[in-house]
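The residues making up each chain are set out below.
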Amino acid sequence: MPRAIRGVLIECEPAIKAIIVMLDRANNNFIVEDLDDTHLVVQESMLTLLKQQLDTELKGTQLPDELLDDSE
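- Where an unreviewed UniProt entry is consulted, the chain appears under the name General transcription and DNA repair factor IIH subunit TFB5, with the organism given as Coniochaeta pulveracea.
- The UniProt entry for the chain carries this comment under Subcellular location (unreviewed entry): "Nucleus".
- Taken verbatim from the UniProt record of the chain, the Subunit (unreviewed entry) comment is "Component of the 7-subunit TFIIH core complex."

The structure is reproduced here in structure tokens:
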């Protein structure tokens, strides 16, 4: 008997999608369906964890605020 999985459609830039795919490779627990270059369906129950891991991954790629603030 087929099982249904609740999913959430995500639209993002290809670079962000590549990070999500990389995070999913570890456990295959986020992505339900890879639709195209900018769209994914992810498990609804894993959305919060995915956001946390994505935030952590992106923090390592951002410049500190003091380097971005040129107004002083």
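Here the narrative resumes.
**Concerning the packing of helix α1 (residues 14–27) against helix α2 (residues 47–59)**
Okay, step 1: Relative orientation of the contacting elements α1 and α2 amounts to 115°, with a least axis distance of 10 Å. Judged by the inter-axis angle, α1 sits roughly perpendicular to α2. Once α1 is placed against α2, the crossing between them reads as right-handed. Where α1 abuts α2, its residues Ile16, Ile19, Ile20, Met22 and Leu23 lie against Leu50, Gln53, Leu54, Glu57 and Leu58.
Okay, step 2: Looking at side-chain class alone, the contact of α1 with α2 contains eight nonpolar, one polar and one charged residues.

**A few points about the pairing of strand β2 (residues 31–34)**
Okay, step 1: Sheet topology note: the β2/strand β3 (residues 39–43) ladder contains three bridges and is antiparallel. Residue pairing in the sheet places Glu33 in a bridge with Val41 of β3.
Okay, step 2: Following β2, the chain reverses through four residues before pairing antiparallel with β3.

**Description of the sheet that holds β2**
Okay, step 1: What the three strands build is an open sheet, ordered β1-β3-β2; its pairing is antiparallel. Whereas interior strands pair on both sides, the edge strands pair on one side only; in this sheet they are β1 (7–11) and β2. Neighbour-to-neighbour, the strand axes of the sheet open up by a mean angle of 25°, direction not taken into account.
Okay, step 2: Contacts from α1 reach β2 and β3, with the element oriented near 135° to β2.

Conventions used here
- Residues numbered from 1 in each chain as written.
- Predicted model: local features only at pLDDT ≥ 70, side-chain atom pairs only at ≥ 80, totals over all residues.
- Heavy atoms only, no water.
- UniProt positions renumbered as here; feature names shortened; annotations may be inferred.
- Axes fitted to C-alpha atoms, helices over the stretch in contact; angles between N-to-C directions.
- Helix = DSSP H or I, 4+ residues; strand = E, 2+ residues; numbered from the N terminus.
- Parallel < 35°, antiparallel > 145°, perpendicular 65-115°, else oblique.
- Left-handed = near helix turned anticlockwise from the far one by under 90°.
- Contact = heavy atoms within 4.5 Å.
- Nonpolar A, V, L, I, M, F, W, Y, C, P; charged D, E, K, R; others polar.
- Pairing = 2+ DSSP bridges.

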